[in-house]
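Here is how the chains run, residue by residue.
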Amino acid sequence: MSASKARVRRARLVEALMKGVTGAAAAVVAASAAGLLAYLLYRGGPSISWEFLTGMPHTFMTEGGIWPAIVGTFWLTVGTAVFALPVGIAAGIYLSEYAPRGRGTRLVRLSIANMAGVPSIVYGLFGLALFVILFGFRVSILSGALTLACLTLPVIITSTEEALRQVPQDLRQAALALGATRWRTIRTVVLPAAAPGIVTGGILGLSRAAGETAPVLFTAAFFLAPLPHSPFDKVMVLPYHIYIMATQPVKPAPHVVWGAALVLVAGITVVNIAAATWRARARRKVTW
Amino acid sequence: MVSINPGSFELEDVSVTYGTETALAGVSMSIDAQAVTALIGPSGCGKSTLLRCLNRMNDELGNVTVGGKVLLDGENVNSRDMDPVELRSRVGQVFQRPNPFPMSIYDNVTYGPRTLGIRAKAELDAVVEESLRRAAIWDEVKAHLKKHAFELSGGQQQRLCVARALATKPEVLLMDEPASALDPISTQLIEDTIAELKSEVTIVIVTHNMQQAARISDRTAFMLRESMDRPAGLVEIGNTRQMFTTPHDKRTEAYITGRFG
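Counting from 1, residues in each chain are numbered in the order their sequence is written. All chains are assigned letters beginning with A, and all ligands numbers beginning with 1, in the order in which they are written. Under the rules for a predicted model, residues below a pLDDT of 70 receive no local features and side-chain atom pairs below 80 are neither given nor counted, while totals for whole chains, interfaces and linings still include all residues.

Asker: Help me understand the overall build of chain A, please; the structure alone is not making it clear to me.
Answerer: Think of it this way: any DSSP run of H or I at least four residues long counts as a helix, any run of E at least two long counts as a strand, and we number them from the N terminus. Secondary structure assignment for chain A yields eleven helices and two strands. In chain A, the succession of α and β elements from N to C terminus is α-α-β-β-α-α-α-α-α-α-α-α-α. The globule rule is 2.2 Å times the number of residues to the power 0.38, and the radius of gyration it is compared with is taken over C-alpha atoms. At 24 Å, chain A has a C-alpha radius of gyration far larger than the 19 Å of a compact globule built from 288 residues. Its C-alpha atoms put chain A at 80 × 60 × 40 Å along the principal axes. Once C-beta atoms are placed from the backbone, any two residues with those atoms within 7 Å are in contact. Intrachain contacts of chain A at a sequence separation of at least 6 include 77% that bridge at least 24 residues.

Asker: Quick question: what am I supposed to make of the pairing of strand 9 (residues 219–224) of chain B here?
Answerer: Residues in a regular strand project their side chains so that they alternate between the two faces of the sheet. All names here are of chain B. As a rule, residues whose C-beta atom has 12 or fewer other C-beta atoms within 10 Å are exposed, those with 20 or more are buried, and those in between are partly exposed; C-beta atoms are placed from the backbone. For strand 9, the tally of buried residues reaches six of six residues, placing the bulk of the element in the interior. Because side chains alternate across strand 9, one face comprises the buried residues Arg219, Ala221 and Met223, and the other comprises Thr220, Phe222 and Leu224, equally buried. Pairing analysis gives four bridges linking strand 3 (residues 36–40) to strand 9, with the strands arranged parallel. Bridge pairing in strand 9 places Thr37 opposite Arg219. Here, any two strands with at least 2 DSSP bridges between them count as paired. For strand 9 and strand 10 (residues 233–239), the ladder comprises six bridges, and the chain directions are antiparallel. Each residue of the ladder has a partner; that of Arg219, found in strand 10, is Asn239.

Asker: What am I meant to see in the interface of chain B and chain A here?
Answerer: For an interface, size is often stated in terms of accessible area lost upon the parts coming together. Taken together, the contact between chain B and chain A spans 22 residues of the former and 17 residues of the latter. A per-class count over the side of chain B that touches chain A returns eight nonpolar, ten polar and four charged. Polar here means any residue outside two lists: the nonpolar Ala, Val, Leu, Ile, Met, Phe, Trp, Tyr, Cys and Pro, and the charged Asp, Glu, Lys and Arg; Gly therefore counts as polar.

Asker: Is there a simple way to think about helix 4 (residues 121–134) of chain B in this case?
Answerer: Note on helix geometry: an α-helix contains 3.6 residues per turn, so any two residues three or four positions apart are oriented the same way. Residue and element names in this part refer to chain B. Multiplying one less than the number of residues by 1.5 Å gives the expected span of a helix. The first and last C-alpha atoms of helix 4 sit 20 Å apart over 14 residues, in line with the 20 Å expected at 1.5 Å per residue. Among all positions of helix 4, only Val127, Val128, Ser131, Leu132 and Arg134 are buried. Projected down its long axis, helix 4 shows its buried positions confined to an angular sector of 155°, all on one face. For helix 4, the exposed residues set more than 90 degrees away from the buried face come down to Ala122 and Ala126. Packed against the buried residues of helix 4 are helix 3 (105–115), helix 5 (138–141), helix 6 (154–166) and helix 7 (184–197). Directions pointing from the helix axis toward each C-beta atom define the arc.

Asker: Could you clarify how one ought to interpret the sheet that holds strand 4 (residues 64–72) of chain B in this entry?
Answerer: Two strands in a sheet stick together by hydrogen bonds in their backbones, pointing the same way (parallel) or opposite ways (antiparallel). Residue and element names in this part refer to chain B. Strand order in the open sheet formed by four strands is 2-1-4-5, with antiparallel pairing between adjacent strands. Both outer strands of the open sheet, strand 2 (21–31) and strand 5 (75–76), are each paired with one neighbouring strand and no more. The pairing of strand 1 (residues 9–18) with strand 4 spans eight bridges and is classified as antiparallel. Bridging across to strand 4, Leu11 finds its partner in Val70.

Asker: How do you make sense of unusual backbone geometry when you look at a structure like this?
Answerer: With the exception of glycine, the majority of residues adopt a negative phi angle, and the majority of peptide bonds are in the trans configuration. Its identity as a non-glycine residue notwithstanding, B:Asp73 has a phi of 50°, on the positive side. Summarising the element assignment, B:Asp73 is placed in the loop between strand 4 and strand 5.

Asker: It is not clear to me how the sheet that holds strand 8 (residues 202–206) of chain B should be interpreted in this structure. Could you clarify?
Answerer: Residue and element names in this part refer to chain B. Taken in spatial order, the six strands line up as 6-7-8-3-9-10 in an open sheet, and their pairing is mixed. Of all strands in the sheet, those with a lone pairing partner are strand 6 (91–94) and strand 10, marking the two edges. Across the sheet, the mean angle separating the axes of adjacent strands is 20° when strand polarity is ignored. Examined bridge by bridge, strand 7 (residues 172–176) and strand 8 share five bridges and lie parallel to one another. In the sheet register, Val172 faces strand 8, and the bridge partner there is Thr202. Simply put, an axis is a line fit to the C-alpha atoms, just over the touching stretch for a helix, and the angle between two N-to-C directions goes from 0 to 180 degrees.

Structure, rendered in structure tokens:
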């Protein structure tokens, strides 16, 4: 009797302890995120003005706005989406729905996992060698978007495959048993059910790409660029602008660095929140 | 060999091989049109595998070889000329767990007809009402056809799945333990539906519930896999009453009287 009492007491203690430890870990994460945002707001907030957001830079970039960097980041991200989403989603569909189980497929999966582990600066070098030099796209939005697309592909493929695997096998069986072909089953039943997960993965991948510096270093970014007129123009981009202004300014301009950082984080946050809202609505939606 | 009634099967020495392992072998039997045939036997005896031979769902598993002949109204189901889309519109299937699509009740029922290319609203509307009526769920859902199928109860979902399978006007309905995930009242409703349907549709039902087999079927087939190094097979098939009272095979008797399985 007393032995069982001791056991119960010990179990309660362990229970309380583990709840505390895991809760503390969660609190650390939440506090870091909040602290980061708060500091960013504190340092960058005062820089934000209409002129800062929409003006051209002047006085060696230390005065004026960051409009060209915002435009450049926007077009690079759009370009990345154009290249990475169709290929990534299609590859995810193949791996989840069509690929035979075997050595070939395992090899493809392994290469994708390896691709995800390649440091982003290596993507930058790869983009320089392939797109900038070999294909002759020069340092441009096109080269940068293609490089960022390579970087983002593993994320998009993996999240698409994951989202498709979440769709119960029963649903595929039901569609096939009604005479639907594989593709009709995928298009009308599997993809709609997996869409929220696929979109979330895509947005996460793209927002990571939007914040990357290294891959665009040699492929798209330029310190002093006018607004781009075509995909073959070089552009200013926010992460690169932050990097340059923080490390090699003509004269120190911390308000530009922190202001640009705040704009970048705010932009990515807005897109992520929009995606999360859409996903929540899509999950609740009655028909699709 | 060739039957005149639409919806009858003739199986000759049917076998199923997954990769290198033969799961089922030597099954020869006939399935009568407009009757209920129950497939019974312990787990792993090949009932569901045999059922999937009838609408070629084994094709979808990959690396599966089906041997022998499966004739639907005299036509070889496995021949190159047989279009699986057409076959599956003639041989519908209801699964063990209710698996409505994540869409409206209406869209669930019209999925099969739309797959066959039917687009006219009036025609689809008529199919929806007819199918839901035949599955005995029309009165419960007629005012909510645009509602999401997931809002229905489990039993209602399964009857919706029956309606969905009936919407292509199949000659045969395959049911793989259709009531095993349902409560007794829903089970009763499914059994009533089967009794209603059998005058128009051939029904082949896999069941673990021997009372259910005895209650609803006209003919019963007993299947068995006697050891793991031998494929499963058919022990015997006969009229349900005869199978449950005077089976020819001692193994059938042992199973039915509850001595194993």
